[in-house]
Every structure is written in structure tokens, then in C-alpha cells.
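Chain by chain, the residues run as shown.
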Amino acid sequence: MGNDYLVHLVVLFCLGMLVTCFCQGDSDDATSAVYVVTLRQAPSSHYYGELKTVDNGFKHDASRGTQFQKPRYDNGTKTDKRYGSYISQVHDSLLKKVLNGEKYLKLYSYHYLINGFAVLVTQQQAEKLSRSSEVSNVVLDFPVRTATTHTPQFLGLPQGAWSQDGGFETAGEGIVIGFIDTGIDPTHPSFGDSKSEHPYPVPSHYSGICEVTRDFPSGSCNRKLVGARHFAASAITRGIFNSSQDYASPFDGDGHGTHTASVAAGNHGIPVIVAGHHFGNASGMAPRSHIAVYKALYKSFGGFAADVVAAIDQAAQDGVDIISLSITPNRRPPGVATFFNPIDMALLSAVKAGIFVVQAAGNTGPSPMSMSSFSPWIFTVGAASHDRVYSNSIFLGNNVTIPGVGLAPGTKENKLYKLIHAHNALNNDTTDGDDMYVGECQDASKFNQDLIQGKLLICSYSIRFVLGISTIKRASETAKNLSAAGVVFYMDPYVIGFQLNPVPMKIPGIIISSTNDSKILMQYYNSSLEIDAVSKKVVKFGAVASICGGLKANYGNAAPKVMYYSARGPDPEDSLPHQADILKPNLLAPGNFIWSAWSSLGTDSVEFLGENFAMMSGTSMAAPHVAGLAALIRQKFPNFSPAAIGSALSTTASLYDRSGGPIMAQRSYASPDLNQSPATPFDMGSGFVNATGALNPGLIFDSSYDDYMSFLCGINGSAPVVLNFTGQNCWLYNSTVYGPDLNLPSITVSKLNQSRAVQRTVQNIAENETYSVGWDAPYGVSVKVSPTHFSIANGEKQVLSVLLNATLNSTVPSFGRIGLFGNQGHVVSIPLSVMLKISNNITMSSNRG
């Protein structure tokens, strides 16, 4: 272990020296930067065997029913490595030839999904490379960023999906999920392989390795955590990599990666104990799946595309079944279309290799067209609430109860405690003028313990808490050290529209998250003070209160709902942006207030520092829910293509909350629950994930790599860009495919000029069944689907023709749905979205089939 670590340090040191020398050799007008260079020659994954397709991607076995043929390549690991070494030499030779005698630094050679490299050069050198006949594309590197105990029950897994094939003891077994994230804490019990009496198998198709360093020692990997690597060369060249904080290893110094890996595939039944309180037992969606970690994001700076592409390339070469990315670009990629960027192009090759790709939609909602995951071959997941909430409240002596948050115990029952504001409890050596932030209770030495002892200490929650300068944990420690009975935080009026995650506290406490409720508290407190007229000092504290506590979960029916931060469609086609004919997001999954594993040294949340679990919110938490559920689908249907997995998840999604009403979408960052309306497909995609239904979808929509290539070739002016990124000519594809014509489980039309005909092809993976077709037309559109009835045997396909006619002129998006209703109980749902409508005075016709 020591030798491995020493070698690793030497490599990092040498890389740092090279960068230093390079920069010193630059002239003032030759600034260096990282570029991703793609060559015209195809990558190795395109050489090892053709896709095994029978009957256009399906094969039929009467004894086992219809199976989708998953497009995977033969195991060519040794050959891959030899070819990879050869490709790396080709890259070196090209650089030496083009940049003859000039200084440069090659960071990565990509060879499996794309044939290219990342290199640190000047802009002039990049232009030289772009003029080489062997080079197809040169792109400037760009930054990226990171965007549970109960959700298995909320999704019905114990009695549904898990029970279909042996329970949680086998759920996801043999499936490897690759995580492109901030790493992992291998010591966490969620990733051990010895908890169960049922030993983990060794996934024979996976060939990844486990890096060994001082903070990721030998033995960190096991039969559960089967691979771990890190990628940081682009960050290192910029001089922003902090090895003490970011860890030059797969170890997670942030917490985010540990959290997402546990959501998808953490072990079942791990006790969630935070701040000494027990919050139940945790489980991943596919608790028997294997985890492979490809760290490419870091606490202090996020990440860069060059490192992310290297991680994706390695994950695919290693043989992962699913890639989960809880990351999004910092900005929309420039160029002909958002689909043409190094990350999405690498993921297209991953899909060609049979890997299902899940990506977080981004936390840039609720504005329209705020999506950060663009391409139709990527399964994009938005964030929804679930039915568990932790509520807290404080009861005042004037019989007013104020709601709040805080994972804290309550005060003793039937006892009221005096309230004292921090400003009224200063010691003789401290004044407000000495410390303008003293009201945030961050330093116990500022206060008079005799005044505070046995009382509830009132502290101000300011913007400094939002920024992480002040913390709840420090204020709670201050209250505890001063022998306070508890701590009460009121919201500073300048903190507007900030929604708090429940925060753990070891002593009785509450955070009043509403500024209006905070005013009510302070009015009661101030009106109850008795102040000496001469000295102006408080001589009596009259306000009393008790804290009810927030350790007990409550369960409601107003879930799921689309969270305000979840990015919204329509999908932007380019950076202008135009509206794409692709539905995004694809689906909703739980993403709000999610308990999951936390790194022992994770610093992303100060409030959970040192804890084994953390409660986090974001589309980053939603995406791994779907990655885990996709593992269950792949386990049951091992030959499903990535598109078939996405179809099963989409067509079975729920449109209703627990009360039977429509799923609602929060429309405002400020007071989100007061600003909500029924969700549209641009908020929720096909709907909220139905874990059990996705394992029995009945009919499947499938799309292939060639379909996606035809789609890319159909974008105006894209032919040279397609050639640059893929090395393939658009003339190889006899016909182009526009967005509405892709065989997706949705139909989106950004511009309906009078009429538009589209087709969809479904295939039956269940028993013989007869379907009837019905629809609700979008406002301003008439719809006709044919046939309106059909019978379909196992393995057979059926073409559906859909005719859309604009019945009025409108620029307001409208939405509808097509439903396929089988007599064996299968229901297939297809959302319709139409934006711009241009009519030719067509008479409105019936919208029911």
C-alpha cells in the first residue's frame, strides 16, 4: 500500500512540475487552457464486434418469451488495453508532429467511447491541431457541477418490485452501477459485503480496478464496491486542486457521491443515526447491485468536462451496466445544438454499448427551459417530494403555535420555559457594537450563562447561515455550553424565499423558517419584556414557550409534487435557445429531504459534518433513485436496450398524488407551497416513477444508436458537426429523423404548422393482449390515432399513426395524452406536448377515440 501511494504522489508531483514548467514557458499573449480533441478514426468500442441484433434488435425464444437484445460487445478487455495503448501512441505521435518542438501537456487519451485526448495547449496550438487532417473536433474544456430510509416504502418496493424476484436479498444482484460523482467513503456500512448471509457474487462482466492510496487503502473495495478510480488531471493543470481537501483518490471528501451511491444501491437495513437520534433503517433502491465509482467532481471547484469524459470512457470500458450522473454543465454548451458537447457525445457511445444513462435534470427551476440535460439518449430525472415530512413547532405562552423545522427533541411536556434573546444575554464585556453578528450565537464566550441557564435562547438565522459562515451546529453547541433549555432560531427578514432542509440538533430546538412567523415570535417576546426606564436594561423576561420537537416523521397525501428547484422543459435545442422536439425531463423521482449515507469526512453540509447519514435535497438525489430502479429492470430483462429500460420507466409512470389528485408543481422559489399548479409534461416528463409497474410495462418503445444518429443528422447544419464528433458521415444514414419522429414514449412538437403526422412502434413483451386506444388532445389541437384497437401477440410489433392538426393560432404550450389500455391490465401512457400552433381555420374535431 505504501509503495502504491508513493508512486501516486510522484505522478501527481511530476504532473504539477510539468504544468509549472509549461506555464513558465508561456509568453504573456499565449494563455494555456485544456482542450478536448477528437480524431476522425473510430474509438475501440466501435471495432469490437457488431451489435448483436436479431429482427432489428429483438429475438424471440418460445420457451422464455420475447427478449430485447441488449447491444453489448464481446468481452475484449485485454484486446481493448492493447488497442488503447496503441491509440495513446497514435495521440502522442500526432501531438509531436503537429506541435513540433512546442510545449504541451497531454492529460488523457480517450479510446473506448471516443477516440481523442485532452491536452493543455495555447489557443494558437489548438488552432494548429484543428487544422490537422487527422483531427475532427477541438473543444475548449468547460466546468460542471453537482446538481434514504422511507422512499423504498413510498415507491412500493418491499411488497412490489423487490418481492417479484426474491426480496431485497437479491434486488439488483449482478448489476453494476457506475457513479460519476465526488467519490465514496468505502468504510460506510452501506457499502460493505459481509452484512448479509447471502454472499455477493462477483460480476464477471466487470473488469474495473480499485485505486490504492493512503486515504483509500488496500481492501477498500469488495464484492459490493467493485471498482473505484479518480480523475482530476484537468483540475490539476489549472492549479485549483487541493489534495488535502479534495483527496487525490476515490475517497469522498464532499459527501455527495457517498449519498447518491447509497440512494441507488446502498445495503438494506442500515440504521440511520444522526445527532444521537434514530431515524429508521436505510436501503438503496437496488440493495444487491454492485457499485463502481469514478470520481470526477470535487468539493472546492466542482469538475471539468475533460475529467468527466475520462471517467465515462473508463466506466464503459470496465463494463458497467448503468451510469448515474448527478451532475450538470454550468452553462448550455454553445454551437449548432446542445446535444453536441463532449459529455453527451461520450454518453451516446455508452448507450451504443448498451449502457443505460441517467442524469439529474439540474436544480435551476422553476423557470421554463432551465433544463441542463438535453439529449434523447440520456434519461433525465426531475425532483419530487415524497410523503414523509419532519415538522416541528413552538408553543408560545399567548396560546399561539408557530411551525418550524429542526430534527431536534422537544422540551419537557407540560412545561413552559422563559425565552431570552441573544442580544439581551450578553456578558458585561460584550456589546452589539463589538460584534454585529453576536445574535447568531456562534461564540459562547460572548454571553452571560447565569442569564441563559434554563431558558430558551433566541438566535437570528441570517444569510450567513445560508452561506455556511455561521452554522446551526455551532449555535446549538453555544446554547448547550451555556446550559440553555433549548435554542430557537428566527428568520432574518433579509433571508427571503430560502427553504430549509431539516437540520439535526442534539438539544431541543427549532428554526422558524417563515419571516412572518418570526415577526410574530419577536412581537410576543418584545411585548413581554420589562425594561428599567433609567438603565434601559431588561429586568424581567416575561415570554415563555415550549418546543414540541421534530424527531417524529409525519406522512401526508400531498405527494409527490414537483419541487421548485427541479429544472423544467421544454428542452433547449441550443444556447439561443430554441425549443427542441424532445420531452425533458423524462421522469420524476423522490429528490427532496432524502436520508442517505454520508462520508465520514464529508464537508458539503456543515450541519452533517461527522455524521454517517445526511438529509439532502436536489435532482442529484432523484437521479440515483432511477438508476437503482433501472438495475431492477435490467436484472429482470437482461437483454433490454437502454431505450427499452427508459420506455418501461416512462410509460408506467403515475400522474397522480397519494390523494388521487393531479401531481402539482411548485412555481416559485419564494413560498413554493403557495404558488403551485397542476404539473405539465415540461415539469414532470411522463410522470412520477412507478417502480412496480416498470417491471411489467406490457409494451415497449425502442430506439437504437442509428436512430439517434439519424436524429442528429436531421438538425440543420449538423452534418460537419456529426462528422467531427462521431467520425461518421450523415450520408451513411439514408433518411434523417426529426425529434417528433424518434420512437420515444412521448410526442413533442415545438412548431405545429397546420398538421403533423408521426408514428410510433410498440412491441409486446407480455402475453397476448388486446388494446384499445384513447386520447385527450392538447388545447388548440385535434388528434387522431389509428388503429383505435389492436391485438398483439408476445414479441409482435404494432405501428401507431398519430395525426395532429392545429385548430387555432397560439404560442402557449398545451398538453394532452394518448393511452393504450390492454385487456390484461397493462396501461401505456404517452404524453403529448405542442408549443407553437399555426392554424388554417380547421374546425375542431372530436378528441376521443
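Residues numbered from 1 in each chain as written. Predicted model: local features only at pLDDT ≥ 70, side-chain atom pairs only at ≥ 80, totals over all residues. Heavy atoms only, no water.

1. Concerning the overall build of the chain
No. 1: Within the chain one finds 18 helices and 44 strands.
No. 2: Put simply, the chain has 849 residues, and 61% of those count as buried.
No. 3: Summed over all atoms, the accessible surface of the chain reaches about 32,100 Å², with 50% contributed by carbon and sulfur. (Helix = DSSP H or I, 4+ residues; strand = E, 2+ residues; numbered from the N terminus. Buried < 20%, exposed > 50% of the residue type's maximum accessible area, 1.4 Å probe, protein only. Areas by Shrake-Rupley, 256 points an atom, 1.4 Å probe, with all protein chains shown as cover.)

2. Topic: the packing of aromatic side chains
No. 1: Under the defined criterion, the tally for this structure stands at 21 aromatic pairs.
No. 2: Considering the side-chain rings of Tyr 108 and Phe 231, the 6.3 Å spacing of their centres and the 50° angle between planes classify their relative orientation as tilted. Both residues of the pair, Tyr 108 and Phe 231, belong to the buried class.
No. 3: Taking 5.3 Å as the distance between ring centres and 75° as the angle between the ring planes, the aromatic pair formed by Phe 241 and Tyr 298 counts as edge-to-face. One end of the pair, Phe 241, is in the loop between α5 (233-237) and α6 (243-246); the other, Tyr 298, is in strand β13 (residues 297-298), with 57 residues separating them in the sequence.
No. 4: Exposure remark for Phe 241: the relative accessible area of 17% places this residue in the buried category.
No. 5: Through a chain of ring-to-ring contacts, the aromatic side chains of Phe 241, Tyr 298, Phe 301 and Phe 304 assemble into a single cluster.
No. 6: Cation over ring: Arg 238 sits above Phe 304, and NZ or CZ is 3.8 Å from the ring centre. (Phe/Tyr/Trp six-rings, centres within 6.5 Å; stacked < 30°, edge-to-face > 60°. Lys NZ or Arg CZ within 6 Å of the ring centre and 35° of its normal.)

3. Looking at the environment of Val 689
No. 1: Among the structural elements, Val 689 can be located in the loop between α16 (681-684) and β36 (699-701).
No. 2: Residues Val 689 and Leu 649, 40 residues apart in the sequence, show an inter-C-alpha distance of 6.5 Å.

4. Re the state of the cysteines
Joining two cysteines, a disulfide is a covalent bond between their sulfur atoms.
No. 1: In this structure the tally under the stated criterion is three disulfides.
No. 2: When the bonded cysteines of the chain are numbered from the N-terminus onward, they pair as 1-2, 3-4, 5-6. (Disulfide = S-S within 2.5 Å.)

5. Observations concerning the nonpolar core
No. 1: Judged by nonpolar contacts, the single largest core of 84 residues is most densely connected at Ile 291, Ile 322, Trp 595, Ile 633, Phe 640 and Leu 649.
No. 2: Broken down by element, this core gets its largest block of residues, 10 residues, from helix α14 (residues 619-636). (Core = buried A, V, L, I, M, F, W, Y, C linked by side-chain atoms within 4.5 Å.)

6. Examining the pairing of strand β9 (residues 225-230)
No. 1: Taken across its six residues, β9 has five buried, putting it largely inside the fold.
No. 2: As defined by bridge partners, β9 adjoins strand β12 (residues 290-295) across five bridges and the pair is classed as parallel. The partner of Leu 225 across the bridge, within β12, is Ile 291. (Pairing = 2+ DSSP bridges.)

7. A closer look at a nonpolar patch on the surface
No. 1: A cluster of nonpolar residues, Ile 463, Val 466, Leu 467 and Ile 469, forms a patch on the protein surface that exposes about 350 Å² of accessible area.
No. 2: Within the secondary structure layout, Ile 463 lies in helix α11 (residues 463-466). (Patch = residues over 30% accessible without salt bridge, like charges linked within 9 Å, V, L, I, M, F, W, Y side chains within 5 Å. Salt bridge = Lys/Arg side-chain N within 4 Å of Asp/Glu carboxyl O.)

8. Quick notes on the pattern of salt bridges
No. 1: Following the criterion strictly, the structure yields 12 salt bridges and no others.
No. 2: A salt bridge links Lys 299 to Asp 604, with the nearest nitrogen and oxygen atoms 3.7 Å apart. Here Lys 299, found in the loop between β13 and β14 (302-304), pairs with Asp 604, found in the loop between β32 (594-597) and β33 (613-616); they are 305 residues apart in sequence, far enough to count as distant.
No. 3: Owing to a relative accessible area of 31%, Lys 299 belongs among the partly exposed residues under this scheme.
No. 4: The shortest N-O distance in the salt bridge between Arg 658 and Asp 387 comes to 3.0 Å. Of this pair, Arg 658 sits in the loop between α15 (642-651) and β34 (664-666) while Asp 387 sits in the loop between β18 (379-384) and β19 (388-390), and the two are 271 residues apart along the sequence.
No. 5: You can call Asp 387 buried: its relative accessible area is 7%.
No. 6: Through salt bridges that share partners, Arg 568, Arg 667 and Asp 683 make up one connected network.

9. Overview of the sheet that holds β13
No. 1: With antiparallel pairing, the four strands of this open sheet are ordered in space as β13-β14-β7-β16. Edge positions in the sheet fall to β13 and β16 (327-329), since each has one partner strand and no second.
No. 2: Bridging between strand β7 (residues 143-146) and β16 involves three bridges; their strand directions are antiparallel. Bridging across to β16, Thr 146 finds its partner in Ile 327.

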